[in-house]
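# Inside the fold
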Amino acid sequence: MTMWVFGYGSLLWNPGFTVARSEVATLQGYARSFCMSSIHHRGSEEKPGLVLALDEIEEAHCQGLALAVAAGEEEQTLAYLRERELISSAYLERDLEIELASGEAVTAVTYVIDPHHVQYCGGMALEQQAQIIATAVGGRGPNTEYLYNTAEHLAEIGLGDAELEWLMTRVRQITA
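Residues numbered from 1 in each chain as written. Predicted model: local features only at pLDDT ≥ 70, side-chain atom pairs only at ≥ 80, totals over all residues. Heavy atoms only, no water.

This next bit is on the overall build of the protein. Assigned secondary structure in the protein consists of four helices and seven strands. Seen in sequence order, the protein has helices and strands lined up from the N terminus as β-β-β-α-β-β-α-β-β-α-α. At 15 Å, the protein has a C-alpha radius of gyration in line with the 16 Å of a compact globule built from 176 residues. The dimensions of the protein, computed from C-alpha atoms along their principal axes, are 45 × 30 × 30 Å. When the 176 residues of the protein are sorted by exposure, 49% land in the buried category. (Helix = DSSP H or I, 4+ residues; strand = E, 2+ residues; numbered from the N terminus. Rg over C-alpha atoms; globule rule 2.2 N^0.38 Å. Buried < 20%, exposed > 50% of the residue type's maximum accessible area, 1.4 Å probe, protein only.)

Laid out in structure tokens, this is it:
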């Protein structure tokens, strides 16, 4: 049985594991947004950045990629993802049903935000997000790089995100 991972942010352009197959997929009931303060990867405790997370919203949906893990690499992939994504326990690991573009429904390991965690910051105005992203830097590099890579990759696969594109334009103005 294939292990699937739902990618909607950095997993799109930096999965960190062997992807045997990828396909556009939709997750119902969640929205992608910069609703998590990043104190490790794209910011610090002194100057938090922002990273994308899936916020549970009843009528929402999120398009991303279903990433099939290479056969035989399931255990090491899950261990890697847990180390990467659960670094501060702001994400919750869930097995959620996603619909592939082909129409097939599969269960995928998906990381969603814990709305009760101290790093949750949902509902922040886009201008405030842009100001934070423009200057934050963490252990994996500048917050700007995370935004640009994600927005550009979504556009490349035909899943352009209007909010991310606005943020990208605004952050480039701020940093110019």
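So that's the structure; there's more coming.
Let's shift gears to the pairing of strand 4 (residues 91–100). Sheet analysis places strand 2 (residues 19–38) next to strand 4, joined by two bridges and oriented antiparallel. Its bridge partner being in strand 4, Thr26 is matched across the sheet by Glu99. As paired strands, strand 4 and strand 5 (residues 105–113) are joined by nine bridges and run antiparallel to one another. Bridge assignment links Glu93 to a residue of strand 5, and that residue is Tyr111. The antiparallel hairpin formed by strand 4 and strand 5 contains four residues in its connecting segment, where Gly103 sits at a positive phi of about 100 degrees. (Pairing = 2+ DSSP bridges.)

Here the focus is helix 3 (residues 143–156). Along its 14 residues, helix 3 runs 20 Å from first to last C-alpha, staying within 8% of the 20 Å computed at 1.5 Å per residue. The complete set of buried residues in helix 3 reads Asn143, Thr144, Tyr146, Leu147, Tyr148, Thr150, Ala151, His153 and Leu154. Immediately downstream of helix 3, the backbone of Gly158 shows phi near 80 degrees, a positive value. (Expected span 1.5 Å × (residues − 1).)

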